[in-house]
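Spelled out, the chains give:
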Amino acid sequence: YGNFIDDLRLYVRGGTGGMGYPRLGGEGGRGGDVWFVAQERTTLKSIRDRYPQKRFVAGTGANSSVKALKGEKGKDCEVHVPLGISVLCDDGKQIGELNAAGERFLAARGGLGGSLATNFVPCKGQRRIVHLDLKLIADVGLVGFPNAGKSSLLSKISHAKPEIANYAFTTIQPELGKIMYADYKQVVADLPGLIEGAHANKGMGHKFLKHVERTKQLLLVVDISGFQLSVKTQFRTALETILLLTKELELYKEELLKKPALLAINKMDLPCAKDNLNELMKQLENPQDFLHLLQEEMIPANTLEFRDIIPVSTYTGEGIEELKARIRKSIDDEAERENEEYRKKKLLLLQTSEEGQMNR
């Protein structure tokens, strides 16, 4: 996958405590801690390149002495990590995550210094192997099968310059692009082309499906003329493509279908595109009537509800400004809904608190 790394295995160890002073009851200093600190403009690749051993050990606590009966704490070890990191144990269990700049996670605690409680013998620091798992944080995630035009669309609506070509798997790493509005920026993530069976880790599979989890909204990109990966695979119409993408997301993680979703119908410059679009819009009004066209195992349990359906052409530029406006409106509407929910919760807590005080 080139220079892109989204998983890094590290060894972390807290510092050993300092020796106690039995004669005077002195206490050794605690060992230092290992902290992960989220920082912008940091990548997992930069951590690997800078620390090829991938070992992080905190400082040892100072020994107790006649001059200092309470030894000083050992030096902490801080590891700067990218935003959007999940911290996993070696067994795959998540133990923390870092999403905003400045957030800290205690990866390994230092050992206690020697004292009366430990017979003045210091304790060793916590040690373990952890995985840093990167999931891109974006406002909108582009989802679609190969050659649907996601990279081209990203380059049109944002300042990103992803590689674009007419073969199936152009994008082999997530590409971030910022849509520039008059008042502020929005981030879009271009997700590599999924194939049927991506949920089972075929093709790019889980390596890229997991990035969808952190996006606030989904933008499905579909070729109006349909999709066929190769001569050996079955041709899929635009509707079948939408249903199959829905199924892939559902099988990977059902909660993904609860995200707000938009649908971009691409390649409207092709012949017969308008006729195909009219047919697709009729089908999308009652998708249940067309589910018999798919094999039973490909039918999603729930269909996606699209907030907007926008026909576009990355070749002519048709619909691009409209799409940018709809993305902005959808994000604003969702932010307002979240704010309203937050206000209602605060009001409910305030009312409950007031009732509790009146009943006293």
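Preceding this section is the structure that the text describes.
Please read these numbers as outputs of a predicted model, since none were measured by experiment. (Residues numbered from 1 in each chain as written. Predicted model: local features only at pLDDT ≥ 70, side-chain atom pairs only at ≥ 80, totals over all residues. Heavy atoms only, no water.)

K.L.:
Account for the pairing of strand E14 (residues 306-311), naming residues and giving values.
P.N.:
The pairing of strand E13 (residues 261-266) with E14 spans five bridges and is classified as parallel. Residue pairing for E14: Ala261 is matched across the bridge by Phe306. Since E13 and E14 lie parallel, the crossover through helix H5 (residues 273-285) that links them has a hand, and here it is right-handed. (Pairing = 2+ DSSP bridges. Helix = DSSP H or I, 4+ residues; strand = E, 2+ residues; numbered from the N terminus. Right-handed = clockwise from strand over helix to strand, strands pointing away.)

K.L.:
An account of the sheet that holds strand E3 (residues 55-57) is requested, with residue identities and associated values reported.
P.N.:
An order of E3-E1-E8-E5-E6 is seen for the five strands of this open sheet, with the pairing classed as mixed. Of all the strands in the sheet, just E3 and strand E6 (94-98) have a single pairing partner and so form its edges. Averaged over all pairs of adjacent strands, the angle between their axes in this sheet comes to 25°, without regard to strand direction. Pairing of strand E1 (residues 7-13) with E3 involves three bridges; the strand directions are parallel. Paired with Val12 across the bridge in E3 is Phe56. (Axes fitted to C-alpha atoms, helices over the stretch in contact; angles between N-to-C directions.)

K.L.:
Account for helix H4 (residues 238-252), with residues named and values stated.
P.N.:
Owing to its 3.6 residues per turn, the α-helix aligns residues three or four sequence positions apart on the same side. Between its terminal C-alpha atoms H4 stretches 21 Å, which fits the 21 Å expected from 15 residues at 1.5 Å a residue. Burial analysis of H4 places 14 of its 15 residues in the buried class, which makes it a mostly covered element. (Expected span 1.5 Å × (residues − 1). Buried < 20%, exposed > 50% of the residue type's maximum accessible area, 1.4 Å probe, protein only.)

K.L.:
If you had to explain the sheet that holds strand E4 (residues 77-81) to someone new, which residues and values would you point to?
P.N.:
An order of E4-E2-E7 is seen for the three strands of this open sheet, with the pairing classed as mixed. Strands with a single pairing partner mark the edges of an open sheet, and in this sheet they are E4 and strand E7 (104-108). Across this sheet, the average inter-strand angle for adjacent strands is 30°, counted without regard to direction. Relative to E4, strand E2 (residues 34-38) runs parallel, the two sharing five bridges. Counterpart to Trp35 in the pairing with E4 is Glu78.

K.L.:
Can you break down the packing of aromatic side chains residue by residue, with the values?
P.N.:
Counted according to the given criterion, the structure contains three aromatic pairs. Plain terms: the ring middles of Tyr51 and Phe56 are 4.9 Å apart, the flat faces sit at 65° to each other, and that makes the pair edge-to-face. Since its relative accessible area comes to 33%, Tyr51 is described here as partly exposed. Overall, the relative accessible area of 5% leaves Phe56 in the buried class. Measuring from centroid to centroid gives 5.1 Å for Phe145 and Phe227, while their planes differ by 15°, and the two rings are stacked. In this pair, Phe145 sits in the loop between strand E9 (140-143) and helix H2 (150-157) while Phe227 sits in the loop between strand E12 (217-223) and H4, placing the two residues 82 residues apart along the sequence. Accessibility classification places Phe145 together with Phe227 in one group, the buried group. Lying over the aromatic face of Trp35, Arg104 brings its terminal NZ or CZ to 4.6 Å of the ring centre. (Phe/Tyr/Trp six-rings, centres within 6.5 Å; stacked < 30°, edge-to-face > 60°. Lys NZ or Arg CZ within 6 Å of the ring centre and 35° of its normal.)

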